[in-house]
Amino acid sequence: MGKNLIERLNEGPVLCAEGYLFAMERRGYLQAGAFVPEVVLEHPEVLSQLHREFIRSGSDVIQAFTYYGHREKLRIIGKEHLLEPLQKNALQIAKNSKKEFKDLDLMVCGDIANTNVWDPNDKKTDLECQKMFEEQVSWAKEAGVDFIVAETITWLGEMKIALKAIKDAGLIAVCNFSIKRNEKTRDGYTPGDACKILEDSGADVVGINCFRGPKMTMKLLPEIREKVSCHVAALPVPYRTTEKDPGFLNQTDEGCDCIPGGNAFPVALDNLYCNRFEMAEFAKECANKKINFIGICCGAEPHHVREMAVALGRKPISYKYYPDMSKHYAHGTDPTLKKLNTEKAKTL
Ligand SMILES: [Zn+2]
């Protein structure tokens, strides 16, 4: 038996690459809008490959791609009958990926998210929400996951229902809020206060994910770190969101005038993309601030993950191909390179 998540976090950072929706949409395996992970059933081999790439890049966690594969999301595309097979397949694919890398100490986690049905003014939705979480948690537990992440939830009220479902199943709970521009949960709590309430209700790890880029995520982390004593998680989206528009759901790309409707979210964010070094800086800063559950959400690609791993002092499998510009024909420094080319490097 390997160490559990908390024991691992006690020793130092744990890296978690997720946000598969965007990676799969860009590759043409699911539809932006409803964002349902149909790839799990239709092209499992593509999902396996993405898991493989993230693992090779240094992710310690394989998150089963059940995100947005819940009852309400499947209802909206008229495929509620696929709920159970989708959830179970996603869990199996994640487990198979772990088996592929026997030498690594990988963890598999389940994933539950915002149900989009919870309404603080409608008590009935408590139960509806609870049932949705419970069924997903039970499938994840059956699959033997190491822990469960509840993520991109914007209400403390809904997060509490998610947390209860995880803890009632006896599993380790990571609870990550997504925080909008007013820097509060939708029910009006600061991220630190909301996280503290969750910690007091039994959450093992608390924090934030999605919506915000690295800088706008970092802005909210000190308050959380200060108010809780448990481990803290931080998984931004790899986009340069700003004080003006801290979340990626509303982004303008000044460099482009042909984006339909003008909102760069979700399919025209390319020009606002963070490079690998920006994500590495984020990982380093997290580690310095004792924020040990470090990751990357919607938009993540393996090159980001590898640089974050390297920033944390690791050499993941794909480090084999880590850039070495000394051998570049023009920018290189290798003595065997032709001066004819290297001398002109600055004029290309
Ligand atoms: Zn995300």
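As the structure is a computational prediction, the values presented were derived from the model and not from experiment. (Residues numbered from 1 in each chain as written. Predicted model: local features only at pLDDT ≥ 70, side-chain atom pairs only at ≥ 80, totals over all residues.)

Asks: I'd like to hear about the overall build of the protein chain, residue by residue, with values.
Replies: Across its full length, the protein chain holds 14 helices and eight strands. Since a compact globule built from 348 residues should have a radius of gyration of about 20 Å, the 21 Å found for the protein chain is in line with a globular shape. Across the 348 residues of the protein chain, 47% fall into the buried class. In the protein chain, once contacts between residues fewer than 6 apart in sequence are set aside, the share between residues at least 24 apart is 73%. (Helix = DSSP H or I, 4+ residues; strand = E, 2+ residues; numbered from the N terminus. Rg over C-alpha atoms; globule rule 2.2 N^0.38 Å. Buried ≥ 20, exposed ≤ 12 C-beta atoms within 10 Å, placed from the backbone. Contact = placed C-beta atoms within 7 Å.)

Asks: Mind laying out the environment of cysteine 109, listing which residues take part and the relevant values?
Replies: Along the chain, cysteine 109 falls in strand E3 (residues 107-113). Each C-alpha atom of the pair cysteine 109 and glutamate 285 lies 25 Å from the other, and the pair is 176 residues apart in sequence. Setting aside anything within four residues of it in sequence, one finds cysteine 109 in contact with Val61, Gln63, Ala64, Val145, Asp146, Phe147, Ile148 and Val149.

Asks: I'd love a proper account of the pairing of strand E7 (residues 231-235), names of residues and values included.
Replies: With respect to burial, E7 is a largely interior element, five of its five residues being buried. Side chains of E7 alternate between two faces, with His231, Ala233 and Leu235 and Val232 and Ala234 buried alike. In this structure, strand E6 (residues 205-209) lies alongside E7, joined through five bridges in parallel fashion. Considered in E7, the bridge of glycine 207 is made with alanine 233. Relative to strand E8 (residues 293-296), E7 runs parallel, the two being bridged by two bridges. Looking across to E8, one finds that alanine 233 is bridged to phenylalanine 293. Taken together, E7, helix H12 (residues 276-288) and E8 form a β-α-β motif whose crossover is right-handed. (Pairing = 2+ DSSP bridges. Right-handed = clockwise from strand over helix to strand, strands pointing away.)

Asks: Help me get a handle on the pairing of E3, residues and values and all.
Replies: Within E3, seven of the seven residues are buried, which leaves it mostly tucked inside the rest of the structure. Burial of the side chains of E3 extends over both faces: Met107, Cys109, Asp111 and Ala113 are buried on one face and Val108, Gly110 and Ile112 on the other. Inspection of the sheet shows strand E2 (residues 61-63) paired to E3 by three bridges, in the parallel sense. What sits directly across from glutamine 63, in E3, is cysteine 109. Inspection of the sheet shows E3 paired to strand E4 (residues 147-153) by five bridges, in the parallel sense. Within the sheet, the bridge partner assigned to alanine 113 lies in E4 and is glutamate 151. Note that the unit made of E3, helix H7 (residues 124-142) and E4 has a crossover that is right-handed.

Asks: Now, about the nonpolar core: what can you tell me, with residues and values included?
Replies: Within the largest apolar cluster, 105 residues are counted, with the highest numbers of intra-cluster contacts made by Ile148, Ala150, Met159, Ala162, Cys175, Val206 and Met308. It is helix H8 (residues 156-168) that contributes the most residues to this core, seven residues altogether. Once residues within four sequence positions are removed from consideration, methionine 159 is found in contact with Ala150, Ile153, Cys175, Phe177 and Leu198. (Core = buried A, V, L, I, M, F, W, Y, C linked by C-beta atoms within 7 Å.)

Asks: Could you give me a rundown of helix H4 (residues 44-57), with the residues and numbers involved?
Replies: Along an α-helix, residues three or four positions apart point the same way, because every turn accommodates 3.6 residues. Here H4 contains 14 residues, and its C-alpha end-to-end distance of 20 Å stays within 8% of the 20 Å for a straight helix at 1.5 Å per residue. Here the buried face of H4 lies against strand E1 (14-17), helix H2 (20-26), helix H3 (39-42), E2, helix H6 (83-100) and helix H13 (302-311). Two residues or fewer after H4 comes glycine 58, characterised by a positive phi angle close to 120 degrees. (Expected span 1.5 Å × (residues − 1).)

Asks: Give a detailed account of the packing of H7 against H8, specifying residues and quantitative values.
Replies: Relative to each other, H7 and H8 sit at 40 degrees, their axes nearing to 9 Å. When the axis of H7 is compared with that of H8, the two are oblique. Between H7 and H8 lies a crossing whose hand is right-handed. From H7, Asp126, Cys129, Gln130, Phe133, Glu134 and Val137 reach across to H8, where they touch Glu158, Ile161, Ala162, Ala165 and Ile166. (Axes fitted to C-alpha atoms, helices over the stretch in contact; angles between N-to-C directions. Parallel < 35°, antiparallel > 145°, perpendicular 65-115°, else oblique. Left-handed = near helix turned anticlockwise from the far one by under 90°.)

Asks: Tell me about unusual backbone geometry, and name the residues and values.
Replies: Following phenylalanine 265, the chain continues to proline 266 via a peptide bond in cis, the omega torsion being -5 degrees. Tracing the backbone through its elements, the reader meets proline 266 in the loop between E7 and H12. Of note in this structure, tyrosine 68 is not a glycine but carries a positive phi near 60 degrees. With respect to the helices and strands, the residue tyrosine 68 is situated in the loop between E2 and helix H5 (71-76).

Asks: Residue-level account of the packing of H6 against H7, with values.
Replies: For the pair H6 and H7, the least separation of the axes is 10 Å and the interaxial angle reads 35 degrees. Read as a crossing pair, H6 and H7 show a hand that is right-handed. Between H6 and H7, the contacting residues are Gln87, Lys88 and Leu91 on the first element and Gln136, Trp139 and Ala140 on the second.

Asks: Describe the environment of glycine 313, listing the residues and the values that go with them.
Replies: Mapped onto the elements, glycine 313 comes out in the loop between H13 and helix H14 (339-342). Residue glycine 313 is classed as exposed on the basis of its 10 C-beta neighbours within 10 Å. With 190 residues separating them along the chain, glycine 313 and lysine 123 place their C-alpha atoms 48 Å apart.

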